[in-house]
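Listed here are the chains, written in short residue letters.
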Amino acid sequence: MTGSHPVLTMTGISKSFPGVRALDGVDFRLFPGEVHALMGENGAGKSTLIKVLTGVYGVDRGTVALAGEQVSFTGPMQATAAGVSTVFQEVNLCTNLSVAENIFIGREPRRLGAVRWGEMRRRARALLTRLDLDIDVNAPLGSFSLAIQQMVAIARAIDIEARVLVLDEPTSSLDTGEVAQLFRVMRSLRDDGIAILFVTHFLDQVYRIADRITVLRNGQLVGEWTTGDLPQLSLVEKMIGKELDVLERLDEQPRRDVAATEGTPLLEARALGRRSAVAPFDLTVHAGEVVGLAGLLGSGRTEVARLLFGADRADHGSVRVDGSPTSLRTPVAAIARGIGFCSENRRAEGIVADLSVRENIVLAMQAARGWLRPIPRRRQDELVDRWVRALHIRPADPEIPVGNLSGGNQQKVLLARWLITEPRLLILDEPTRGIDIGAKTEIQRLVAQLSDGGTAVLFISAELEEVLRLSHRIAVMRDHELVTQLTNDQSVDADRIMQAIAAGAAHEGVPS
Amino acid sequence: MSTAQSRYRALTTHRLFWPVVVLVALVVANTVYRPGFLSVQVRDGHLYGSLIDILRLSAPLILVALGMTLVIATGGIDLSVGSLCAISGAVACLYISRQPDQNSMGGVLTALALGLAVALVLGAWNGVLVAVIGIQPIIATLILMVAGRGLAQLITEGQILTINSSPYKAIGVGHLLTLPLAIFIALAAALLIAAVTRRTALGLIVESVGGNARASRLAGIRSARITFLVYVISAACAAVAGFMMTANVSSADGNAAGLWVELDAILAVVIGGTSLAGGRFSLGGTILGALLIQTLTTTVYAMNISPQTSLLFKAVVVIAVCLIQAPGFRARFTRRRRVPAPAAAGADETRKEQVPA
Ligand SMILES: Nc1ncnc2c1ncn2[C@@H]1O[C@H](COP(=O)(O)OP(=O)(O)OP(=O)(O)O)[C@@H](O)[C@H]1O
Ligand SMILES: [Mg+2]
């Protein structure tokens, strides 16, 4: 597959932002008919390399050649026209337009200048079927979960007649089934001779799909290998630049002991539900307990979290906190009772991109105090400093706008925002999404520590393994319904949960 | 890159670089046209001169624009400020005109309190429409923009209400420490708003709501309260500006007072670097923007540009300022100039807003 000439060659690429050297003389090549994984820690420069390639950023130095011809795109539209189709890390579609419109925006099928809506819907459905997704293409994109939005973005990219397909962390919020389907599509595209650039933090996915691997570290090229020549452990070493026992540390963490669950539960939801989002469910969380929420994409995990936090209003059932009935009708009410919620959708519902890292971190704490009682600057600096270091947020300058951070680092900022409020129940929706392997271990350790310290955690993740490792109890969701709850003892494993998930009809994405 | 060069780069890419350049250019143009422009004389212990006049005349605009800055930072807009100026001025003048002794200090203070109170109530009305009922700010405040003129007419009974009160007049044309009193009032308001927003967490919270309303809600911010508050603050600023405008001419004209000031205020805010989309705001930038617009207005008068073309002239300058501030336009401009050099770095920074981060 590497016999021919590279379809894409990037040579000596350098790119600086004020105060940060994001790329420093990086070479990269991509051959037709290969899947090439671009690997590196958070902030290594992967997304920047992709944005340089697609013309989102200009370069400071270096050249990009497509099929031997030097190019310099002025933007993704031009890159697309030249055959470079891209799914960016943050889903960047119009949530108020329909699914079909999003797929064909800018290149609608037309006859005599008029858009052929029927044809557009038909083709949209066909494309989504290819990804094994059966959703209403007329519904606005915003009514679907982030994972489905991500699949729609992928559908848009694979429809374009591309020579090069660039996927920046396309699988970060997908679960096993969707990933498998995406990989099937990627393989068939590869067999058609399309070159695929693939970014992910899931090492196992790299070994399943990638033919070659390029590693970046701190904006510099570490090297390029064929997948067979680079065992997983060395890959991690190349990425972090030292022989750290990250992988061992991941494994050595013991399965959590079952938490003490006598006494008044911290939170008790009775028949809580919301029409067309989640069927009424019962859920009890004790102090110090980690409850995992497992389920497929669109099964209603996020909706459960949003009801418990008051982000959406329940139209059914009741909630008790510390045994006394309360209504969690707004986030303010939930926060007042010690509940925190880290949304999966960090761009739309998490960060405030213009504000600095410091301001983003203190936001929830400040909101709880009210604007008349500002947190003294010295205290802010102390808190921020501590968590920037604890979570390895990089660059470590708390005064730069959070929008300038890499995706994974933004995620860490969000976590810090809630951690400093010292919540009694922390709801984490995909907290390790887009986070590199080192930081992921840190976050998992943190969850365990929080729980040891008496904080309850509701943990949502598409990665079953992670849920299994951290949870005392696992609630399984299917089709917007909480189907069963399992105590996470020795008898429970991934297969058992998959069985519980699969016990019903095949899932499908339902607008929430 | 040498430090001198990078310092130059930091200066020219500063948000307020171009507004300052245009302001200086206007002053230079005025001086060339009329050499006496820069001179300041002492008369009766007060300072007089074109520059002082510009400062004095820009005071009401600065006030209105400061309030507008906070509204725009939350992602809203307040079109009703011009009408609010007229209403508060009319209320104050009406009260004074009914006093047996129009020069009584107590009477004037009561008049100011009344005018301010009416404006606060109307600001609260705007706030409720936007924050509680959820009407689009542009529509919600359009109601008062239009109806408010009628209200002002009702108060003055369709007449131009003339008063003869020296304490009230002082708000517009009085002096303190050799300088016009209006300058001090605007300065005090600016310092007060700066303290309220930057010494408390109000500024941060306003910027957060304007930057990402959904995220702010999930972080536990009561955005409805904050939104309500900024419309009330905006109305209070408009009221004080209204007092100045009516005091300047010792009369209240429901039709003319504060006419189109909302547009000048919005321009001042935008020139000052606060995005109409909400988020980060700059009070200093707004003051600079207001000074620029007032200088422009004065220039138009001073150069005897005919009234028919004066608006056009103003529009051309404003378009120029907005264009050179626009990242896309500047990027194109810099790139074209430096085509052979590979370093188009200046262009990149400015394009980051369009990046699918
Ligand atoms: N627009 C920007 N302005 C300033 N700095 C930026 C900008 N975009 C990226 N950076 C910086 O460049 C570096 C590389 O970021 P990049 O987004 O390429 O990382 P990444 O490898 O994609 O990380 P992740 O795995 O977290 O997505 C980071 O230090 C980041 O803070
Ligand atoms: Mg990235």
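From a predicted model like this one, the values you see are computed outputs, not experimental measurements.

(A) Examining the overall build of chain A more closely. What chain A contains, in helices and strands, is 18 helices and 22 strands. Over its C-alpha atoms chain A spans a radius of gyration of 23 Å, differing by no more than 12% from the 24 Å that the globule rule assigns to 512 residues. Once the C-alpha set of chain A is aligned to its principal axes, its extents read approximately 70 × 55 × 50 Å. Expressed as a percentage of the 512 residues in chain A, the buried residues total 58%. By sequence separation, contacts in chain A at least 24 residues apart represent 68% of the contacts at least 6 residues apart. Taken as two groups, the 58 positive and 64 negative side-chain charges of chain A have centres that lie 5 Å from each other.

(B) Just the overall build of chain B, in detail. The secondary structure content of chain B amounts to 16 helices and six strands. For 357 residues, the compact-globule formula gives about 21 Å, and the C-alpha radius of gyration of chain B, at 22 Å, lands near that figure. Its C-alpha atoms give chain B principal-axis dimensions of roughly 75 × 60 × 40 Å. Looking at the 357 residues of chain B, the share that counts as buried comes to 50%. Pairs at least 24 apart in sequence give 75% of the contacts found in chain B among residues at least 6 apart. With the model as given, the accessible surface of chain B reaches about 16100 Å², and the carbon-plus-sulfur share is 68%. If the 25 positive side-chain charges of chain B are averaged to one point and the 12 negative ones to another, these points end up 13 Å apart.

(C) Quick peek at the layout of surface pockets. Residues and elements named next belong to chain B. Considered as a void within the structure, the second largest pocket measures approximately 1100 Å³ in volume. In terms of lining, the second largest pocket is formed by 30 residues, of which the most central are Leu 259, Asp 264, Thr 297, Tyr 301 and Lys 314. When residues of the lining of the second largest pocket are traced back to their parent elements, those giving at least two are α3 (50-73), α11 (223-249), β6 (251-253), α12 (261-271), α13 (283-302) and α14 (307-325). Considered class by class, the residues forming the lining of the second largest pocket number 19 nonpolar, eight polar and three charged.

(D) Examining the pairing of strand β11 (residues 212-217) of chain A more closely. All names here are of chain A. Along β11, five of the six residues are buried, which leaves the element largely enclosed by surrounding structure. Across four bridges, strand β3 (residues 35-39) lies against β11 in parallel orientation. Paired with Met 39 across the strands is Val 215, a residue of β11. As judged from the six bridges shared by β11 and strand β12 (residues 220-226), these two strands associate in the antiparallel manner. Residue pairing across strands places Ile 213 opposite Trp 225, the latter belonging to β12. Counted between consecutive antiparallel strands, the loop separating β11 from β12 contains two residues, among which Asn 218 sits at a positive phi close to 50 degrees.

(E) Summary view of the confidence of the model for chain A. Scored by pLDDT, chain A has a mean of 86; 94% of the residues are at 70 or more. Note on residues 505-512 of chain A: pLDDT under 50 across the span, and 18 contacts to partners over four residues away in sequence or across chains.

(F) Quick look at the sheet that holds strand β5 (residues 69-71) of chain A. All names here are of chain A. The antiparallel open sheet is built from four strands, whose spatial order is β2-β1-β4-β5. Every other strand in the sheet has two partners, leaving β2 (20-30) and β5 as the edge strands with one partner each. Ignoring which end each strand starts from, the neighbouring axes of this sheet average 30 degrees apart.

(G) Structural context of empty space enclosed by the protein. All names here are of chain A. Enumeration according to the criterion identifies four cavities of 30 Å³ or more in this entry. Considering the residues around the largest cavity, the lining is formed by Asp 175, Thr 176, Ala 294, Gly 295, Leu 296, Arg 301, Ser 461, Ala 462, Glu 463, Leu 464, Met 498 and Ile 501. Partitioning the lining of the largest cavity into residue classes produces six nonpolar, three polar and three charged.

(H) Geometry of the nonpolar core. In this structure, Leu 283, Phe 309 and Ile 497 of chain A together with Tyr 168 of chain B are the most contacted members of the largest nonpolar core, which totals 171 residues. There are two domains that each give this core at least three residues, and those are domain 2 (248-338 + 423-512) and domain 3 (353-422) of chain A. The residues touching Ile 497 of chain A, leaving out its near neighbours within four places in the chain, are Ala 294, Leu 464, Leu 468, Ile 474, Val 476, Leu 486 and Val 492 of chain A.

(I) Quick peek at the pattern of salt bridges. All names here are of chain A. Scanning all chains against the criterion turns up 27 salt bridges over all chains. For Asp 211, the salt bridge is made with Arg 190, and the minimal N-O distance between the two is 3.2 Å. Of the two residues, Asp 211 is situated in the loop between α7 (203-209) and β11 and Arg 190 in helix α6 (residues 176-191); the sequence distance between them amounts to 21 residues. The partner of Asp 315 in a salt bridge is Arg 275, with the nearest N and O atoms 3.9 Å apart. Residue Asp 315 is found in the loop between α10 (301-309) and β16 (316-321), and its partner Arg 275 is found in the loop between β13 (267-274) and β14 (278-285); the two are separated by 40 residues along the sequence. Among the residues examined, Asp 315 registers a relative accessible area of 41% and is labelled partly exposed. Its relative accessible area of 67% is what places Arg 275 among the exposed residues. Through salt bridges with shared partners, a single network forms among Arg 29, Glu 34, Arg 212 and Glu 224.

(J) View of the site of ligand 1. Residues and elements named next belong to chain A. Ligand 1 sits among 21 residues. The nearest are Gly 43, Ser 47, Thr 48, Ser 406 and Gly 408. Residue Ala 44 places a main-chain N or O atom 3.2 Å away from an oxygen atom belonging to ligand 1. Contacts to ligand 1 include Tyr 57, whose side-chain N or O atom sits 3.2 Å from a nitrogen atom. Its free accessible area being 640 Å², ligand 1 has 93% of it covered by the protein chains. Within the residue set of the shell around ligand 1, elements represented by two or more residues are β2, α1 (46-53) and α15 (407-419). Of the residues forming the shell around ligand 1, the biggest block, three residues, is contributed by α1. Residue composition of the shell around ligand 1, by class: seven nonpolar, eleven polar and three charged. In terms of domain composition, the shell around ligand 1 takes at least three residues from each of domain 1 (8-247) and domain 3 (353-422).

(K) How the structure looks around the coordination of the magnesium ion (ligand 2). Residue and element names in this part refer to chain A. Taken together, the protein ligands of the magnesium ion (ligand 2) are Ser 47 (OG) and Gln 89 (OE1), with distances of 2.0 to 2.1 Å. With Ser 47 in helix α1 and Gln 89 in the loop between β6 (84-87) and α3 (99-104), this residue pair connects regions lying 42 residues apart in the sequence. One exposure class covers both Ser 47 and Gln 89, and it is buried.

(L) Spotlight on the packing of aromatic side chains. For the structure shown, the criterion picks out five aromatic pairs over all chains. Plain terms: the ring middles of Phe 17 of chain A and Tyr 57 of chain A are 5.0 Å apart, the flat faces sit at 70 degrees to each other, and that makes the pair edge-to-face. One end of the pair, Phe 17 of chain A, is in strand β1 (residues 8-17); the other, Tyr 57 of chain A, is in the loop between α1 and β4 (61-66), and 40 residues separate them in sequence. Given a relative accessible area of 27%, Phe 17 of chain A falls into the partly exposed group. Both rings, one in Phe 17 of chain B and one in Trp 18 of chain B, keep their centres 5.1 Å apart while their planes meet at 80 degrees; by these two values the pair is edge-to-face. Connected via pairs of aromatic rings, a cluster forms that spans Phe 309, Phe 341 and Trp 418 of chain A. Residue placement shows Arg 198 of chain B over the ring face of Phe 281 of chain B; its charged tip is 4.3 Å from the ring centre.

(M) Representation of unusual backbone geometry. Residues and elements named next belong to chain A. Cis geometry is found at the peptide bond from Arg 394 to Pro 395, where omega equals -5 degrees. Mapped onto the fold, Pro 395 is located in the loop between α14 (377-390) and α15. Within the chain, Ala 271 stands out as a residue other than glycine whose phi angle is a positive 50 degrees. Secondary-structure assignment places Ala 271 in strand β13. Assessed through its relative accessible area of 28%, Ala 271 is described here as partly exposed.

(N) View of the sheet that holds strand β15 (residues 290-295) of chain A. Residue and element names in this part refer to chain A. Here we have six strands laid out as an open sheet, ordered β18-β19-β20-β15-β21-β22, and mixed in their pairing. Unpaired on one side and paired on the other, β18 (339-342) and β22 (481-487) mark the two borders of the sheet. Averaged over all adjacent pairs, the angle separating strand axes in this sheet is 15 degrees, with direction ignored. In terms of strand pairing, β18 meets strand β19 (residues 425-429) through four bridges, oriented parallel. Considered in β19, the bridge of Ile 339 is made with Leu 425. Lying over the sheet, helix α18 (residues 494-502) contacts β15, β21 (473-478) and β22, oriented at roughly 30 degrees with respect to β21.

Criteria and thresholds
- Residues numbered from 1 in each chain as written.
- Chains lettered and ligands numbered in written order.
- Predicted model: local features only at pLDDT ≥ 70, side-chain atom pairs only at ≥ 80, totals over all residues.
- Heavy atoms only, no water.
- Helix = DSSP H or I, 4+ residues; strand = E, 2+ residues; numbered from the N terminus.
- Rg over C-alpha atoms; globule rule 2.2 N^0.38 Å.
- Buried < 20%, exposed > 50% of the residue type's maximum accessible area, 1.4 Å probe, protein only.
- Contact = heavy atoms within 4.5 Å.
- Lys, Arg positive; Asp, Glu negative; His and termini not counted.
- Charge placed at Lys NZ, Arg CZ, Asp CG, Glu CD.
- Areas by Shrake-Rupley, 256 points an atom, 1.4 Å probe, with all protein chains shown as cover.
- 1 Å grid on protein atoms, 1.4 Å probe; cavity = no way out; pocket = protein on both sides within 12 Å on 5 of 7 lines; lining within 4 Å.
- Points joined across faces, edges and corners; volume = space filled by probe spheres on them.
- Nonpolar A, V, L, I, M, F, W, Y, C, P; charged D, E, K, R; others polar.
- Pairing = 2+ DSSP bridges.
- pLDDT = per-residue confidence, 0-100.
- Axes fitted to C-alpha atoms, helices over the stretch in contact; angles between N-to-C directions.
- Core = buried A, V, L, I, M, F, W, Y, C linked by side-chain atoms within 4.5 Å.
- Domains from an automatic or database assignment.
- Salt bridge = Lys/Arg side-chain N within 4 Å of Asp/Glu carboxyl O.
- Near = heavy atom within 4 Å.
- Polar contact = N/O pair within 3.5 Å; in protein donor to acceptor, adjacent residues only side chain to side chain.
- Donors = N, O, S within 2.8 Å, 3.2 Å for Na, K, Ca; no water.
- Phe/Tyr/Trp six-rings, centres within 6.5 Å; stacked < 30°, edge-to-face > 60°.
- Lys NZ or Arg CZ within 6 Å of the ring centre and 35° of its normal.

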